[in-house]
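Fold and contact review
Chain by chain, the residues:
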Amino acid sequence: MAVAVYPGSFDPVTLGHQDIIERSSKIMDKVIVGVLKNNSKSPLFSVQERVNMLKSVTGHLPNIEILAFDGLLVDFVRNCRADVIVRGLRAITDFEYELQMSQTNRVISPGIDTIFLTTNLKYSYLSSSIVKEIAMYQGDISAFVAPEIAVKVLSRAEDVKNGRPAR
Ligand code: PNS
């Protein structure tokens, strides 16, 4: 059984992420989406909120599991008994960082390879950071995230702008 881990911050999950999840779910027997509890990045959403949002947009896919992880990605991959890491490549600007990560991961854990899916052209410009920036000005983010995610992002952005703490 071919198992992949698709890791990321997913703060929030975008239509670009969803596209990679759907396509990798067709290639692999099982895909575990690993949500990083990244303390350094001060995310807009807690890890549990990000996990729940991912669950809500992938509920129709039977071979997807959403899990939070902390620490090294290669340790998480090993604990999941997965074979490969999946990452999306949007443009040449992603390449250097992705190459560095995949090479480093293979040096520290030689059995673990990374496969890349080129992002759907429709989403090649898209990132969670751009979505958050537009949401901070209450702009229209409906072309970038699922409707239920848009509601949450706009509401959280409004809270942040008004100095209200995350619920
Ligand atoms: O969505 P992102 O923020 O681009 O995802 C980055 C992620 C989570 C894949 C990366 O930061 C990661 O793997 N973090 C876990 C810590 C780790 O293993 N670092 C070494 C990677 S070279």
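This is a predicted model, so every value here is computed, not measured. (Residues numbered from 1 in each chain as written. Predicted model: local features only at pLDDT ≥ 70, side-chain atom pairs only at ≥ 80, totals over all residues. Heavy atoms only, no water.)

1. Describing the layout of surface pockets
Counted only if it meets this: The definitions used throughout rest on a 1 Å grid laid over the protein atoms alone, on which a cavity is an enclosed set of points accommodating a 1.4 Å probe that cannot get out and a pocket is an open set flanked by protein within 12 Å on both sides along at least five of seven lines; lining residues are those having an atom within 4 Å of a point. Grid points are joined across faces, edges and corners, and a volume is the space filled by probe spheres set on the points. Charged means Asp, Glu, Lys or Arg here, nonpolar means Ala, Val, Leu, Ile, Met, Phe, Trp, Tyr, Cys or Pro, and polar covers whatever is left, Gly included.
The volume enclosed by the largest pocket comes to roughly 980 Å³. Every residue lining the largest pocket is counted, 39 residues in all, and those nearest its centre are Gly8, Ser9, Lys41, Arg87 and Tyr97. Looking at the lining of the largest pocket, its residues break down into 14 nonpolar, 18 polar and 7 charged.

2. Some remarks on the nonpolar core
Stated formally: Buried residues of nine kinds, namely Ala, Val, Leu, Ile, Met, Phe, Trp, Tyr and Cys, make up a nonpolar core once their side-chain atoms join them within 4.5 Å. Between buried and exposed lies partly exposed: a residue is buried under 20% and exposed over 50% of the maximum accessible area for its type, with that area taken using a 1.4 Å probe on protein chains only. Helix and strand assignments come from DSSP, with helices taken as H or I runs of at least 4 residues and strands as E runs of at least 2, each series counted from the N terminus. Here, residues are in contact when the closest pair of their heavy atoms is within 4.5 Å.
In terms of nonpolar packing, the biggest core is built from 36 residues, with Tyr6, Val33, Leu54, Ile141, Ile149 and Val153 touching the most fellow members. Taken together, the elements giving at least two residues each to this core come down to strand S1 (3-8), helix H1 (15-27), strand S2 (30-36), helix H2 (47-58), strand S3 (64-69), strand S4 (84-89), helix H5 (128-136) and helix H6 (147-161). If one sorts the elements of this core by residue count, H2 sits on top with 5 residues. Sequence-distant contacts of Val33, that is, excluding residues within four places in its chain, are made with Tyr6, Phe10, Ile21, Leu54, Ile64, Glu65, Ile66 and Leu67. Core analysis: the next-biggest nonpolar cluster, separate from the first, contains 12 residues, Val5, Val77, Cys80 and Ala82 among them.

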